[in-house]
Every structure is written in C-alpha cells, then in structure tokens.
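Structural features, examined
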Amino acid sequence: MTPSARVQAAIDILDAVIAAARGQGASADRIAADWFRARRFVGSKDRRAIRDLAWQAIRACGEVPVSGRAAMLRLARDDPQIASLFDGSHYGPAPVSPDEPVAHGGVASPWLVEQLAASGLDAADMASLLARAPLDLRANRLRIAREALMAALPVAATPTVAPDGLRLPAGTPVESWPQFADGLFEVQDTGSQIACMALNVQSGERVVDLCAGAGGKTLALGAAMANRGSLLACDIDRARLSRLPDRAHRAGVLVESRLLDPGKEASALADWAGRADAVMIDAPCSGTGTWRRNPEARWRTDAAAIHRYATMQARVLDIGAVLVRPGGRLTYVVCSLLDAEGANRIDAFLAANPGWAVQMPALPAGRAHGHGWRLVPGRDGTDGFFFATLVQHGN
C-alpha cells in the first residue's frame, strides 16, 4: 500500500471506532482486528503502519471526533509528513479543504480533565495516561523463577519492580512462544502484579477473587499461595470466566470457579460467609488507568457512567466484606485514578463499617492516596491503579 492509502485505511478504521464509542459498541482492538480480517490482502507491514496511525490519532483527540478524517487531520496538524499525504491520490484521502473540521486535542473531555485534577493528578500525570504502554510479564513461580525465565526467553527482558515482573517492548509476540504454552509466564502489567501483592496472600489460606473476570489476578494469587489452601474465583460474566479453567490448567493453578447471578451473589456465596482469610475485589470501573492500552475508552466515559460504576463498586465491597472472617482482609482494586471510584469509595465504606481498618503492606512502587495506594503511569511506569487493603476487626 502507498503511504496515502495507509492514511485512508486508518481513517476508515477511525470512523468505525468513533461510531462504536458513541454507541458503546465493540472495542477499537476488536474493530481493527475485524477490519483486517475482512482484508486479508493487507500485509503485516501495512497492518502495523495503519494501526499505528489510527492509534496515534485516537491519542491525539481529547473528545470524540466528528469523523475519522477529522481525527487524522488533528494528527496531521502537528505532523507535516502526514499532512502531505492528503493528496487526492488513488486510494488516498482527498486534499484538505480550508473550512473542514479538525478534531480537538487534549487529554480528555474538559469535565473529565477537571475530575482527574480534582483527584490529585497534574498535567504531566494526565499526559502519561496516553503514552504507549510496554508489555509486562509475570513469571509463574509455580513453574519457574524469574531469573530462569529471563534466561529462557528468546529476547532480552528487563526486571520490573514486582518480584516476578519482566518488561518487553510493546507488540512482542509472546503468546506465540513455547514458554507461554508451557505456562512459564502470564501477560500482566506490573501495576496489576503490585495490586495482588497488596492482598499478601499466604499458603494455606482461604482466598476469594470476587470479580475475577478471565482470571489474571486469580492466577497471580494462586501462584503466591503455592497451590496450598483454597482459591475461589467468581464473576457474573460467563464468557470471561469461562476462559479461566484453560488458563489455570496451563499455569498449574488449582482454583474453583463459580458463575454468579447478578443480584443473587450473596446467596450463591453463603457457604463462604465469614470464612475467607482474604478477598480480592477487582471492581468494575471506568478504566481511566488503562488509557495507555485503550485510549478510546476516554470517549466512552461520562458522568452518568462514573455514577453507575460507583454504585456497583459500593455493592461489591459490601458483598466481599461479608465473606471475610474476623481478622481477615480485603483488597479493593480499580484501574481508575478518579477519586469517585477509588479513595471516595473506601472513605464511604469505612464510615459505614467502623469494624474495619486500613492495612497496607510495603510495596515497591506507588504512594499513599487517601486510605489507599495509587500507581500513576508517568511516576511508576505501570498502568494506573488505586487499591486499598482493609482488615476486619469485628463490630
């Protein structure tokens, strides 16, 4: 493909991403994958170039653009080389008209920038949310030590601050490696690994991962427990939870999975009430801390969504708290940097539950924020997280 044709292809993908963002449709990753699947004639080098252009344009636009062309013109405004490709050539974009719309730049919509600032983020913190994320691995200590894994990988990896963490360049095809098939590692951001450390699970404990999803944190908890004790992974999403058994088998993690019916979680977990030594709550959230990986997510967030998430977060905190034995602990995690989803939720929980207290183990990155701990991409080199560990002292 010519450079101009690549720009037009990126514009086509952006049009689909923008429509999906407005209608809460498929993710940008899924849209791009489907677009390329329908055009198998596009070679791998062209695919990478087209995807890079589209994602650069997404990162350049703070608000939802009116069109993919407007988004690409925003990118072209600061890149003369891209601007020169609006030349009307065959399969390329038409020349630029003086009065056609150009998307607005910035980190996010003004109201969302205001919320991030109110949550203690400065301009540099916000800008770091849109940098390209590296690829992190977690050495599966059930199978191999980190140092041995480093020696076994086909490319050089750098240790991260997490005890089992390794870092590789973004886009490294690690899931095609035999070491992945053998369960020697999982793809997991260092920040997520540190959040798991906050729960400080021990061998022989009874542990619940309440919002397990596909089980990324579940597998880290199981490895930390050395498969001694009881580990229960729960979720209301059948499709995501159904991925856990195969992943657990590959990793050698012993875990029970349990699909929950929305609104009936407490009754489904009655057999665990007051028995868990530790509960992980990786709560549903807006994902402001994951914009490095999913920059179009900022186009999908509005004030009503934040309120809905806060309501769900309060509910899962209450469900998880019932499971914890006296003296046991709970770690609440969100991949969001908004206080409405993080620090404020813990403040509200502690105010309503005086039998609980904050307890945070020593961690290798981040800093205290409210009654919890926060990781910020620009400061810590991880995705953005807020988490807090609470101990049940009884009422």
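Everything here concerns the structure above.
This section reports on the structure supplied with the text. (Residues numbered from 1 in each chain as written. Predicted model: local features only at pLDDT ≥ 70, side-chain atom pairs only at ≥ 80, totals over all residues. Heavy atoms only, no water.)

1. Examining helix α11 (residues 216-224)
Most of α11 is tucked away, with seven of its nine residues classed as buried. For α11, the set of buried residues is Lys-217, Thr-218, Leu-219, Ala-220, Leu-221, Gly-222 and Ala-223. (Buried < 20%, exposed > 50% of the residue type's maximum accessible area, 1.4 Å probe, protein only. Helix = DSSP H or I, 4+ residues; strand = E, 2+ residues; numbered from the N terminus.)

2. A word on the sheet that holds strand β4 (residues 185-187)
Strand order in this open sheet of four strands is β2-β3-β1-β4, and the pairing throughout is antiparallel. The sheet is open, and its two edges are formed by β2 (158-159) and β4, each paired on a single side. (Pairing = 2+ DSSP bridges.)

3. As for the pattern of salt bridges
Scanning the model with the defined rule gives 21 salt bridges in all. Ionic pairing is found between Asp-277 and Arg-206, a salt bridge with its closest N-O pair at 3.5 Å. Residue Asp-277 is located in strand β8 (residues 276-282), and its partner Arg-206 is located in strand β5 (residues 205-209); the two are separated by 71 residues in the primary sequence. Assessed through its relative accessible area of 8%, Asp-277 is described here as buried. Close ionic contact of Arg-258 with Glu-256 constitutes a salt bridge, the shortest N to O distance being 3.1 Å. Arg-258 sits in the buried class, given a relative accessible area of 16%. The partly exposed category is assigned to Glu-256, whose relative accessible area is 38%. (Salt bridge = Lys/Arg side-chain N within 4 Å of Asp/Glu carboxyl O.)

4. Observations regarding helix α13 (residues 244-251)
Within an α-helix, residues lying three or four positions from one another point in the same direction, as the helix has 3.6 residues per turn. For α13, the complete set of buried residues consists of Leu-244, Arg-247, Ala-248, Arg-250 and Ala-251. What you see down the axis of α13 is that its buried residues fit within an arc of 160°, all on one side. Every exposed residue of α13 that faces more than 90 degrees away from the buried side is listed here: Asp-246 and His-249. Once α13 finishes, Gly-252 follows within two positions and takes phi at roughly 75°, a positive value. (Arc of directions from axis to C-beta.)

5. Section: the environment of Leu-149
With respect to the helices and strands, the residue Leu-149 is situated in helix α8 (residues 146-152). The sequence separation of Leu-149 and His-369 amounts to 220 residues, and the corresponding C-alpha distance is 34 Å. Setting aside residues up to four positions removed in sequence, Leu-149 forms contacts with Ala-139, Ile-144, Leu-166, Leu-184 and Phe-185. (Contact = heavy atoms within 4.5 Å.)

6. Details of the pairing of β8
Side-chain positions along a regular strand alternate between the two faces of the sheet. Within β8, six of the seven residues are buried, which leaves it mostly tucked inside the rest of the structure. Across three bridges, the pairing between β5 and β8 is parallel. The residue bridging Val-207 from the neighbouring strand is Ala-278, located in β8. As judged from the six bridges shared by β8 and strand β9 (residues 324-334), these two strands associate in the parallel manner. Within β9, the position partnered with Val-279 by the bridge is Leu-330.

7. Observations regarding the packing of helix α15 (residues 303-323) against helix α16 (residues 343-352)
Running from amino to carboxyl end, α15 crosses α16 at an angle of 45°, the nearest separation of the two axes being 10 Å. Put simply, α15 runs oblique to α16. Every pair of crossing elements has a handedness; the one defined by α15 and α16 is right-handed. Counted together, Ala-310, Gln-313, Ala-314, Leu-317, Asp-318 and Ala-321 of α15 and Arg-345, Ile-346 and Phe-349 of α16 form the full contact between these two elements. For the contact of α15 with α16, the residue count by class is six nonpolar, one polar and two charged. (Axes fitted to C-alpha atoms, helices over the stretch in contact; angles between N-to-C directions. Parallel < 35°, antiparallel > 145°, perpendicular 65-115°, else oblique. Left-handed = near helix turned anticlockwise from the far one by under 90°. Nonpolar A, V, L, I, M, F, W, Y, C, P; charged D, E, K, R; others polar.)

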